[in-house]
Amino acid sequence: MQSLPQILEGVPVTLLLTFFSISVGFCIGLLLALGRVYGKKAISYGCIVYLEIFRGTPLLVQLFIIYYGLPAVGIIFSPIIAALIGLSLNSAAYQAEYLRGSIQAIPSSQMIAGRTLGMTRLQSIRTVILPQALRISIPAWSNELIYLLKYTSIVVYIQVRDLTFQAKDIASHSSRYLETFLVVALIYLLFTFVFSEIVDRVEKHVRIPGIGLTQTVAKRNA
Amino acid sequence: MHMLEVKEIHKSYGSCEVLKGISFTVDKDETKVIIGTSGTGKSTLLKCINQIDPPDKGEVWLDGEELTNLSTDMNRIRQKIGFVFQDFNLFNHLTALQNVSIGLEKVKKIEKEKAKARAFDELKNVGLEKQAGQYPAQLSGGQKQRVGIARALAMDPVIILFDEPTSALDPELIGDVLDVMKSLAGKVAMLIVTHEMGFARNVADEIIFMEGGNIIESGSPEKMFNNANKERTREFLGRISCLYGKE
Ligand SMILES: Nc1ncnc2c1ncn2[C@@H]1O[C@H](COP(=O)(O)OP(=O)(O)OP(=O)(O)O)[C@@H](O)[C@H]1O
Ligand SMILES: [Mg+2]
């Protein structure tokens, strides 16, 4: 197990890919979702085109286009930058769909209640719709985070030195495939466990009292 | 000059004309009650007044400003028009106190502490100071509706529109809400759609009877209940008084 340090070198790369892509993907995804639900026809249509393209093609092909394809038109990225761009844009499309579902699950009467107080549409979206929609979308978002963590391993195909890349490197030199990949699997498992545990806590923390947790709340009010 | 003036309002959904030329006025601090059968266009009328669903034709004037004029900034005007919904429409993610203070903070841009203090006063006035920290899902229907009224009142409206404020409530909870509304009579103009005939009779300055998108008749409670001109009015009031009780 003297190769453990080399494996661990891949950890920060994998975590960077995951956190960067989930965050940037969230920001872009939120804009896409809002554009689809509230945007004028052209904007809404533009968002749909984006979603269809990124959800309708394999992530690996998207990465290949960005890393191997774009240099043909003079755009050259290092492997890690290409990976960050590809994963972010791809995750944005999936997150947009979760967010759209959550936004549409909030009754339109909530928006009307905001407007009758004199809020603009944007104010109502910000202060009334999104705080509720984002809470609903946490479980789906948690899934996306876990998927994304695992899908980052696909970047070995564009030479990014992430966790899986290091493992492959060690295994092919030492021929200890089983141990090496079991250790790597364990590391991924550890992270997925920790992530879903954290998101779970956050979800409980921001849960709206009286909804879903009726018994606890009833006890507290008794 | 009238506080609110509605002139010849028409509104259609598709080929179905829901409002067929509605005109009436509400003066400062006056209480008017609108009654009428289901599907007559009462809710539509209220939504035409605050331009949430603007009318196709006709004019709405409030305080000397024409709301149906497209250049009127409705976000500013709506602060002056309270709205109380049949199913409350409280903001589910906010406490009772935050529900009342959010309009003050976000729309009137009052600083947080002052807004909270004002919101707390409004909750106290409707008897809910103990529930200030509770969320809508933790409140009874009657309590929710009183938060809804406090939310409207906090904005210092010149008129409040009520769309069947007690229709979604259990009978034993209706009284508390009606009491709050009674206490407002004469202090702010109110336009109230309701089936509560006892309330209409005791509190309204005028009752408007709507049917099929038209105003059939309007007048003082005394006239409407005892001396209505139209046969249709007498018939409706007779039937509804049986259903909902005289007091
Ligand atoms: N957004 C809409 N789209 C299409 N039709 C509508 C819409 N809103 C209302 N209507 C129709 O307009 C008519 C009047 O509806 P409205 O809700 O104003 O009646 P109402 O007098 O408030 O009835 P109720 O006592 O049941 O609340 C109904 O026939 C209804 O189906
Ligand atoms: Mg109605």
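These lines cover the structure that appears in this document, whether it is placed above or below.

About the criteria used
Residues numbered from 1 in each chain as written. Chains lettered and ligands numbered in written order. Predicted model: local features only at pLDDT ≥ 70, side-chain atom pairs only at ≥ 80, totals over all residues. Heavy atoms only, no water. Axes fitted to C-alpha atoms, helices over the stretch in contact; angles between N-to-C directions. Helix = DSSP H or I, 4+ residues; strand = E, 2+ residues; numbered from the N terminus. Left-handed = near helix turned anticlockwise from the far one by under 90°. Contact = heavy atoms within 4.5 Å. Nonpolar A, V, L, I, M, F, W, Y, C, P; charged D, E, K, R; others polar. Pairing = 2+ DSSP bridges. Near = heavy atom within 4 Å. Polar contact = N/O pair within 3.5 Å; in protein donor to acceptor, adjacent residues only side chain to side chain. Areas by Shrake-Rupley, 256 points an atom, 1.4 Å probe, with all protein chains shown as cover.

### Let's talk about the packing of helix α2 (residues 41-56) of chain A against helix α4 (residues 79-105) of chain A
Residues and elements named next belong to chain A. Axis separation between α2 and α4 bottoms out at 9 Å; the angle between their running directions is 115°. Like other packed secondary-structure pairs, α2 and α4 cross with a definite hand, here left-handed. The segment α2 lies against α4, with Tyr50, Leu51, Phe54 and Arg55 engaging Leu89, Asn90, Ala92, Ala93, Tyr94, Ala96 and Glu97. Of the residues in the contact of α2 with α4, the class split is eight nonpolar, one polar and two charged.

### Side note on the pairing of strand β10 (residues 214-219) of chain B
Residues and elements named next belong to chain B. Direction of pairing for strand β9 (residues 206-211) relative to β10: antiparallel, over a ladder of five bridges. Bridged to Ile207 within β10 is Gly219. Here β9 folds back onto β10 in antiparallel fashion, the turn holding two residues, of which Gly212 has a positive phi close to 55°.

### Let's talk about the side chain of Ser102 of chain A
Examined against the element boundaries, Ser102 of chain A turns out to sit in helix α4. Each residue touching Ser102 of chain A, except ones within four places of it in the same chain, is listed here: Ala133, Ile136 and Ser137 of chain A.

### Concerning the sheet that holds strand β5 (residues 65-66) of chain B
In a beta sheet, neighbouring strands are held together by backbone hydrogen bonds and run either parallel or antiparallel to one another. Residue and element names in this part refer to chain B. Overall, antiparallel pairing links the four strands, which are arranged β2-β1-β4-β5 in an open sheet. The open sheet is flanked by β2 (16-26) and β5, the only strands paired with a single partner. Here strand β4 (residues 57-62) runs beside β5; their pairing, made up of two bridges, is antiparallel. Across the sheet, Leu62 pairs through a bridge with Glu65, a residue of β5. Against the sheet, helix α1 (residues 42-49) engages β1 (4-13), β2 and β4, with an angle of about 60° to β2.

### What about the site of ligand 1?
All names here are of chain B. Every residue near ligand 1 is listed here: Tyr13, Val18, Thr37, Ser38, Gly39, Thr40, Gly41, Lys42, Ser43, Thr44 and Glu164. With respect to ligand 1, the backbone of Thr40 contributes an N or O atom lying 3.1 Å from an oxygen atom. At 3.0 Å, a side-chain N or O of Glu164 approaches an oxygen atom of ligand 1. Here ligand 1 has 630 Å² of accessible area as a free molecule, and 58% of this is covered by the chains. A total of three residues in the shell around ligand 1 trace back to one element, the largest contributor, which is α1.

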